Amino acid sequence: MPHNPYSRLFAIPGATAFTLGNLVARLPMGMFSVSAVIMISGVRGSYALAGAVTATGLAATAVVAPWTARLVDRHGQARVAVPATLVAALGSLSLVLCVRYGAPDWTLFASYAATATTPNTGGMSRARWAHLLKGDARAVHTANSFEQAADELCFMLGPVLAAFLCGTLFPQAGTLIGVVLLVTGVLVFAAQRATEPPPHDRRDPTDTSAATKSLLRARGMPALLIGFLATGAVFGSLEVVTIAYADGQGHKAAAGVVLALQAAGSCAAGLVYGAAKPRGSLVRRHVLCAAAMAAVMTLPLLAVASTGSLIVLSVALLCAGMATAPTMVTAMTLVQRRTPEGRLNEGMTLAVTGLLGGIACGAACGGWAVEHLGTAAGYGVPVAAACCALLLSSAQACATSTRARLRRRRPAPPHVSSAV
């Protein structure tokens, strides 16, 4: 086997095929919301309507995505992901037609809400790696790092591609090409049946994981999900505040490039982190990564407050992005550890749902801060969110350490010798 940890991953038969299909399916995740905003605002002339429609889709996803993931765990990835993707594709096509032919506004909300059935392709890919690498903690760490880098790459390229297509061709081009990529990628991914984890029917009376009716009650999961909420707020607030700051400097068009640098830093850091050998306990690594994220999130604030230069801000965001990927990798690995067997897609989808909710909250808080306190002060919002993530991870580490000490101090049951 090759010494490069990533080469070792893709030496597994079928790994390259399902990864390529998943990357094609994942790229539109960064395209759809941007395409919808450009399409609706360009044709209907209302950014308020465009924002409300995309927010409705996000809320619908938060409700539907865990249910879809539960079906994936129970019936298998191919049997559920393909029809769920086709339903989402029909929703996107319906949105295009409703916008194009002037349908009432409520049809836009209904059409975009139908796209909530889109399966969590990143979660399904991580579930495959966990199935293929069961028992190899270092390889799972490398696989999770690769998947996080892939997420960053897709969310970096997706909005740029969507804006280019909608601006160069026609307003509906980004959505239509996103639908083609999504359906094609999911079909290729689902066709790789040899690497698919087996379905886990929790109606089996011998299934021990069925005792946990809700993953929200699994030990350690609530704190982890709230941590994802705080981390998402970092991403959401950074995006809104950076766009507002670039606009205030008279370079609104450069905001996408500046944000792409932040995603590029996170992507590179994720790959480097995955190649490194993990040391120490997973909980301790999570605290250290969260501390690093909280520290480097002060760099954009310092850059804006001290220099006011967009170039210096770009460098600061590049450095700040380097701490987000390791934090996400360790948090996702913790989710995998604490999710009962056979419910991995559901657990990771809940984590992504928490992340999306945090992005929405962070965007709202960042927008409020920019409007009432100024763009420079707006960079205090991601700092506060990162500090909240650090506090949550620290509290979780303390609770884990306390439980471990109590187990060690618990007296052993007395040994009763039997008379012969």
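Further up the page is the structure itself.
Some thoughts on the overall build of the chain
And then number 1: Each helix and strand counted, the chain has 18 helices and zero strands in total.
And then number 2: Scored against the burial criterion, the 420 residues of the chain give a buried share of 49%.
And then number 3: Counting only contacts in the chain whose residues sit at least 6 apart along the sequence, the fraction spanning at least 24 positions is 83%.
And then number 4: Here the chain displays about 19000 Å² of accessible surface, and carbon together with sulfur accounts for 68% of that area.

A look at the layout of surface pockets
Space left empty within the atom packing is revealed by a probe, the size of a water molecule, rolled over the atoms.
And then number 1: For the second largest pocket, the calculated volume is near 730 Å³.
And then number 2: For the lining of the second largest pocket, the secondary structure elements donating two or more residues are α4 (47–75), α7 (121–132), α8 (137–168), α12 (282–296), α15 (324–338) and α16 (344–373).
And then number 3: Residue contributions to the lining of the second largest pocket peak at four residues, all from α8.
And then number 4: Here the lining of the second largest pocket is composed, by residue class, of 13 nonpolar, 11 polar and eight charged.

Here's the deal with the side chain of T231
And then number 1: Position of T231 among the secondary structure elements: in helix α10 (residues 221–248).
And then number 2: A relative accessible area of 5% places T231 in the buried class.
And then number 3: Each residue touching T231, except ones within four places of it in the same chain, is listed here: M293, M328, L355 and A389.

What about the nonpolar core?
And then number 1: Core analysis: the largest hydrophobic core is formed by 36 residues, its most contacted members being L9, I40, L95, L108, W129 and L133.
And then number 2: A total of seven residues in this core trace back to one element, the largest contributor, which is helix α5 (residues 77–100).
And then number 3: Apart from residues lying up to four places away in sequence, I40 is in contact with G45, S46, L49, A50, V53, L95, V99 and L108.
And then number 4: Counting 24 residues, the second largest nonpolar core, distinct from the first, contains Y245, V258, M293 and V304.

Remarks on the packing of helix α2 (residues 15–26) against α8
And then number 1: Where α2 contacts α8, the two axes come as close as 10 Å, and the packing angle between them is 35°. When the axes of α2 and α8 are compared, the crossing they make is right-handed. Residues T19, L23 and R26 of α2 touch α8, and the partners they reach there are F146, E147, A150, D151 and C154.
And then number 2: Each residue belonging to the contact of α2 with α8 can be placed in one class, and the counts come to four nonpolar, one polar and three charged.

Parameters at a glance
- Residues numbered from 1 in each chain as written.
- Predicted model: local features only at pLDDT ≥ 70, side-chain atom pairs only at ≥ 80, totals over all residues.
- Heavy atoms only, no water.
- Helix = DSSP H or I, 4+ residues; strand = E, 2+ residues; numbered from the N terminus.
- Buried < 20%, exposed > 50% of the residue type's maximum accessible area, 1.4 Å probe, protein only.
- Contact = heavy atoms within 4.5 Å.
- Areas by Shrake-Rupley, 256 points an atom, 1.4 Å probe, with all protein chains shown as cover.
- 1 Å grid on protein atoms, 1.4 Å probe; cavity = no way out; pocket = protein on both sides within 12 Å on 5 of 7 lines; lining within 4 Å.
- Points joined across faces, edges and corners; volume = space filled by probe spheres on them.
- Nonpolar A, V, L, I, M, F, W, Y, C, P; charged D, E, K, R; others polar.
- Core = buried A, V, L, I, M, F, W, Y, C linked by side-chain atoms within 4.5 Å.
- Axes fitted to C-alpha atoms, helices over the stretch in contact; angles between N-to-C directions.
- Left-handed = near helix turned anticlockwise from the far one by under 90°.

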